[in-house]
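# Descriptive structure summary
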Amino acid sequence: MSSRLLFLSAAIPAIMAFTAPVSAAELKAVASFTVLADIVHQVGGDKVQVSTLVGPDGDPHEFEPTPANAKALKAADVVFVSGEGLEGWMDRLISASGFKGKPVVASEGVNTRTMDEDGKTVTDPHVWNSPVNVKVWVANIEKALSAADPADAATFKANAEAYSKKLDELNAYAHSKLDKIPQEQRKVLTSHDAFGYFGREYKVSFLAPLGVSTETEASAADVAKLIEQIKAEKVKTYFFENSNDPRLVKQVAKATGAKPGGELYVESLSKPKGPASTYEKMFRFNVDQMAAAMEKAS
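Bear in mind that the values here come from a model prediction, so they are computed numbers and not experimental data.

## A few points about the overall build of the protein chain
What the protein chain contains, in helices and strands, is ten helices and eleven strands. Within the protein chain, buried positions represent 49% of all 298 residues. Within the protein chain, residue pairs in contact and separated by at least 24 positions form 67% of the contacts whose partners lie at least 6 positions apart. Of the roughly 13,600 Å² that the protein chain leaves accessible, carbon and sulfur atoms contribute 52%.

Rendered as structure tokens:
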């Protein structure tokens, strides 16, 4: 077991459960972060006990596993990750936990996009910021849960079909709010480059001082270049994110005159009483925030 896992036993955060206490006979599923955990819960319903490793408002890029995470992983019947490089810490955690299974990669089959990261071409892991991609998650989750619990396969299929319809409604909702906004106004400044799939689906341009991961650091030259680009493209609104430090994006905004549009939920759900406690609420909230800011910028 790594030293990080051995010495983080103090003040261990509770692992967030998406269901009430259940009997030992029910399927135990662990998801890497809250957005994925909610989708597993939507498909599994009351047949599956779902917990998440990275909690509400947590950053899946900078997550540090704890002994409690290792214990939950070892006890799981099925483990879900988004994949595409998001959970760089998972192999280490699996090794430390003694989990014998193989994680289900929910993003397998998604039409991914690539991006430049420090001169290298990488796959953008933030697939869930388009509900079109989350439908792929749903299909993969249904398949995995049915394989782990064949007796409840019909329930998982019904839940998956019902939730896929909700995702279609979310996609239609976003188009209804954003398609009417002139293309030149669909520009937003965010903390890091996590909205690529959203931008691809709804033709929104996102600029950010950080790249695909919040673990990277923006150089002074990169920030200066971004400031000039924002001025040239007349980006008028910036957002900070619930799961990472807003100071850099605020610094860039101050230098460009961009006005605050509020908070977006990008890689993590809010706590239960927050505005983004489920994926459906998170996506609608983000669409509403961005649409309002873009309309105001006209």
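## Quick look at the side chain of serine 164
Assignment of secondary structure puts serine 164 in helix 6 (residues 153-178). When its relative accessible area of 16% is taken as the criterion, serine 164 is described as buried. Once residues lying within four places of it in the same chain are set aside, the contact partners of serine 164 are Lys135 and Val138.

## Remarks on the packing of helix 2 (residues 34-44) against helix 6
At their nearest, the axes of helix 2 and helix 6 sit 7 Å apart, and the two run at 120° to each other. When the interaxial angle is binned, helix 2 and helix 6 end up oblique. Where helix 2 abuts helix 6, its residues Asp38, Ile39, Gln42, Val43 and Gly44 lie against Phe156, Asn159, Ala160 and Tyr163. By residue class, the composition of the contact of helix 2 with helix 6 is five nonpolar, three polar and one charged.

## Quick notes on helix 6
With 26 residues, helix 6 should reach 38 Å at 1.5 Å per residue; the first-to-last C-alpha distance of 37 Å fits that figure. Listing the buried residues of helix 6 in full gives Phe156, Ala160, Tyr163, Ser164, Leu167, Leu170, Asn171, Ala174 and Leu178. On its buried face, helix 6 is in contact with helix 2, strand 3 (48-54), helix 5 (131-148), helix 7 (196-202) and helix 10 (279-296).

## Things to note about the environment of glutamate 87
Here glutamate 87 lies in the loop between strand 4 (78-81) and helix 4 (90-97). Once residues lying within four places of it in the same chain are set aside, the contact partners of glutamate 87 are Ser32, Phe33, Val81 and Ser82. Polar side-chain contacts of glutamate 87 include one of 3.0 Å to the backbone nitrogen of glycine 83.

## Observations concerning the nonpolar core
Phe80, Trp128, Trp137, Phe198 and Tyr279 are the most contacted members of the largest nonpolar core, which has 69 residues in total. Ranked by residue count, the leading element in this core is helix 10, at eight residues. Leu189, Ile230, Tyr238 and Ala258 belong to the second largest nonpolar core, which has six residues in total.

## What about the packing of helix 6 against helix 10?
Packing of helix 6 against helix 10 brings their axes to within 10 Å, and their N-to-C directions diverge by 5°. One element, helix 6, and the other, helix 10, form an angle in the roughly parallel class. Only Tyr279, Glu280, Phe283, Arg284, Val287, Asp288, Ala291, Met294 and Glu295 of helix 10 make contact with helix 6, whose side of the interface consists of Tyr163, Lys166, Leu167, Leu170, Tyr173, Ala174, Lys177 and Leu178. Partitioned by chemical class, the residues of the contact of helix 6 with helix 10 number eleven nonpolar, no polar and six charged.

## Some details on the pattern of salt bridges
Enumeration over the complete set of coordinates arrives at seven salt bridges. We note a salt bridge from aspartate 124 to arginine 113, for which the minimum N-O separation is 2.6 Å. Pair noted here: aspartate 124 is in the loop between strand 7 (120-123) and helix 5 and arginine 113 is in the loop between strand 5 (104-105) and strand 6 (114-117), with a separation of eleven residues, a long-range link. When its relative accessible area of 0% is taken as the criterion, aspartate 124 is described as buried.

## Re the packing of aromatic side chains
Enumeration over the complete set of coordinates arrives at twelve aromatic pairs. Between phenylalanine 63 and tryptophan 89, the ring centres sit 4.7 Å apart and the planes meet at 65°, which makes this aromatic pair edge-to-face. Residue phenylalanine 63 is found in the loop between strand 3 and helix 3 (67-75), and its partner tryptophan 89 is found in the loop between strand 4 and helix 4; the two are separated by 26 residues along the sequence. Exposure class is identical for phenylalanine 63 and tryptophan 89. Each is buried. Connected via pairs of aromatic rings, a cluster forms that spans Phe195, Phe198, Tyr202, Phe206, Tyr279 and Phe283. Directly above the aromatic system of tyrosine 197 lies the positively charged group of arginine 113, at a separation of 6.0 Å from the ring centroid. Across from the ring centre of tyrosine 173, 4.6 Å away, lies the NZ or CZ of arginine 284, which sits over that ring.

## Quick look at the pairing of strand 3
Counted residue by residue, strand 3 has six buried out of seven residues, so it is predominantly covered. Direction of pairing for strand 2 (residues 27-33) relative to strand 3: parallel, over a ladder of six bridges. Counterpart to leucine 27 in the pairing with strand 3 is valine 48. Crossover strand 2 to strand 3 through helix 2 is right-handed.

## Comments concerning the confidence of the model for the protein chain
A residue-level look at the protein chain finds 81% of positions with pLDDT of 70 or above and a mean pLDDT of 84. Of the regions scoring below 50 in pLDDT, residues 210-215 engages in 31 contacts with residues more than four places distant in sequence or in other chains.

Definitions and limits used
- Residues numbered from 1 in each chain as written.
- Predicted model: local features only at pLDDT ≥ 70, side-chain atom pairs only at ≥ 80, totals over all residues.
- Heavy atoms only, no water.
- Helix = DSSP H or I, 4+ residues; strand = E, 2+ residues; numbered from the N terminus.
- Buried < 20%, exposed > 50% of the residue type's maximum accessible area, 1.4 Å probe, protein only.
- Contact = heavy atoms within 4.5 Å.
- Areas by Shrake-Rupley, 256 points an atom, 1.4 Å probe, with all protein chains shown as cover.
- Axes fitted to C-alpha atoms, helices over the stretch in contact; angles between N-to-C directions.
- Parallel < 35°, antiparallel > 145°, perpendicular 65-115°, else oblique.
- Nonpolar A, V, L, I, M, F, W, Y, C, P; charged D, E, K, R; others polar.
- Expected span 1.5 Å × (residues − 1).
- Polar contact = N/O pair within 3.5 Å; in protein donor to acceptor, adjacent residues only side chain to side chain.
- Core = buried A, V, L, I, M, F, W, Y, C linked by side-chain atoms within 4.5 Å.
- Salt bridge = Lys/Arg side-chain N within 4 Å of Asp/Glu carboxyl O.
- Phe/Tyr/Trp six-rings, centres within 6.5 Å; stacked < 30°, edge-to-face > 60°.
- Lys NZ or Arg CZ within 6 Å of the ring centre and 35° of its normal.
- Pairing = 2+ DSSP bridges.
- Right-handed = clockwise from strand over helix to strand, strands pointing away.
- pLDDT = per-residue confidence, 0-100.

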